[in-house]
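# Topology and contacts: notes
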Amino acid sequence: MYKVIAADDEPMVRKALESLIDWESLNCHLDYVASNGKELIEYAEKNQPDIVVTDIKMPEADGIAVAKYFHENHSSTKVILLTAYADFSYAKQAISYNVVEYVTKTGDFEDVVAAVKKSIQQLEQERQKQEALQTSSQVAQHYNNLAQHYTHLITQLSPNSQQLQEQRGGVDLVLETTQYIKQHLDEAITLNQIAAYIGVNESYLSRVFKSKTGTSIKNRINTIKMEKAKELLANTNLKIYEIAMQLGLENTTYLSRLFHQYTGTTPMEYRNQNIKAP
């Protein structure tokens, strides 16, 4: 079931969200209802939802602040904004944060139900797209593993394999390693994979690479991936989870943490500062 959380500063509206909508029939569970945006964000930090339904005008943090938080930190979460009357002064900001729907409150909440259904449809489409990307990546990984296994066998069967390893130039190994990383950015690259592909011992490759570059192979992998992430953020409209998939990272949270570690900013902050004009 899809996890839904909501926020509204009016007790009657909070009660209505709990009792007037048949969440189970929508394949949803209303997990939490907050009285303001600050409470909702604090809850979401530990319990990431699929869908958020939030009033626009609230104390502590309003609906636009909530939309901004999810846009920058959990872009896969769908946000629905509620307003007591047709005030579209917030519409431009709402659009910039990819809000699914801007709904005027009514007694029967039919528009809220429709917005939730629209959110679910978007989540399903994104899930299917992500599964397709994963399948493509797994197929590529399978063929890559076969190639690595073949190379490893050839290396092991050579009577002078260790001697051949030592004779290979350090600069060549650095170039081959960097080239492999760039050609396999959509995979969770490991030292073992690179060493098997090149046909050298893991510890030898690690030692030579560190000696020639002053950095570890793991750090080089992350650096190249974060440079690619910066390029995709500035030049494409790809969602954060799509960028994570293209970089072989397990989820958006890991991408955000790694990106902040290397750049000092979040992916969405970087995109907002560096987005190229169409």
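Everything in this summary refers to the structure shown in the same document. (Residues numbered from 1 in each chain as written. Predicted model: local features only at pLDDT ≥ 70, side-chain atom pairs only at ≥ 80, totals over all residues. Heavy atoms only, no water.)

## What about the pattern of salt bridges?
Tallying each qualifying case throughout the model produces ten salt bridges. Among the ionic pairs, glutamate 126 bridges to lysine 239, the shortest N-O distance being 3.9 Å. Linking glutamate 126 in helix α5 (residues 110-157) with lysine 239 in the loop between α10 (217-235) and α11 (240-246), this pair joins segments that are 113 residues apart in sequence. Note on lysine 239: relative accessible area 30%, which makes it partly exposed. Note that arginine 127 is salt-bridged to glutamate 131, the shortest N-O span being 2.7 Å. One end of the pair is arginine 127 and the other is glutamate 131, both in helix α5 and four residues apart, which spans about a single turn. The class of arginine 127 is partly exposed, set by a relative accessible area of 36%. What emerges from the salt-bridge pattern is a single network uniting Lys78, Glu126 and Lys239. (Salt bridge = Lys/Arg side-chain N within 4 Å of Asp/Glu carboxyl O. Helix = DSSP H or I, 4+ residues; strand = E, 2+ residues; numbered from the N terminus. Buried < 20%, exposed > 50% of the residue type's maximum accessible area, 1.4 Å probe, protein only.)

## A closer look at the packing of α10 against helix α12 (residues 252-263)
Axis separation between α10 and α12 bottoms out at 10 Å; the angle between their running directions is 100°. Classified by the interaxial angle, the pair formed by α10 and α12 is roughly perpendicular. The residues of α12 that touch α10, namely those facing Asn219, Asn222, Thr223, Met226, Ala229, Lys230 and Leu233, are Leu255, Leu258, Phe259, Tyr262 and Thr263. Across the contact of α10 with α12, the residue classes break down as seven nonpolar, four polar and one charged. (Axes fitted to C-alpha atoms, helices over the stretch in contact; angles between N-to-C directions. Parallel < 35°, antiparallel > 145°, perpendicular 65-115°, else oblique. Contact = heavy atoms within 4.5 Å. Nonpolar A, V, L, I, M, F, W, Y, C, P; charged D, E, K, R; others polar.)

## Some details on helix α9 (residues 202-213)
Structural remark: α-helix, 3.6 residues per turn; residues separated by three or four positions point the same way. With twelve residues, α9 ought to run about 16 Å at 1.5 Å a step, and its terminal C-alpha atoms sit 16 Å apart, in line with that. Just downstream of α9 lies glycine 214, where phi reads positive at about 80°. (Expected span 1.5 Å × (residues − 1).)

## Topic: the nonpolar core
Residues Trp23, Cys28, Ile51, Val53, Val112 and Val116 are the most contacted members of the largest nonpolar core, which totals 23 residues. Of all elements in the fold, only β1 (2-7), α1 (11-19), β2 (28-34), β3 (51-55), β4 (78-83) and α5 reach the threshold of two or more residues within this core. Per-element accounting of this core gives the leading share, five residues, to α5. When near neighbours in sequence (up to four residues on either side) are disregarded, cysteine 28 contacts Met1, Tyr2, Val4, Trp23, Ile51, Val116 and Ile120. In terms of nonpolar packing, the next biggest core, distinct from the first, is built from 20 residues, Leu40, Tyr69, Phe70 and Val79 among them. (Core = buried A, V, L, I, M, F, W, Y, C linked by side-chain atoms within 4.5 Å.)

## Describing helix α2 (residues 37-44)
Every buried residue of α2 is listed here: Gly37, Leu40, Ile41 and Ala44. Down the axis of α2, the buried side of the element spans an arc of 95°, and every buried residue falls inside it. Against β1, β2, β3 and α3 (63-73) lie the buried residues of α2. By the N-cap criterion, in which a side-chain oxygen at the helix start approaches the backbone nitrogen of a residue two or three places on, α2 is capped by asparagine 36, the distance to lysine 38 being 3.0 Å. (Arc of directions from axis to C-beta. Polar contact = N/O pair within 3.5 Å; in protein donor to acceptor, adjacent residues only side chain to side chain.)

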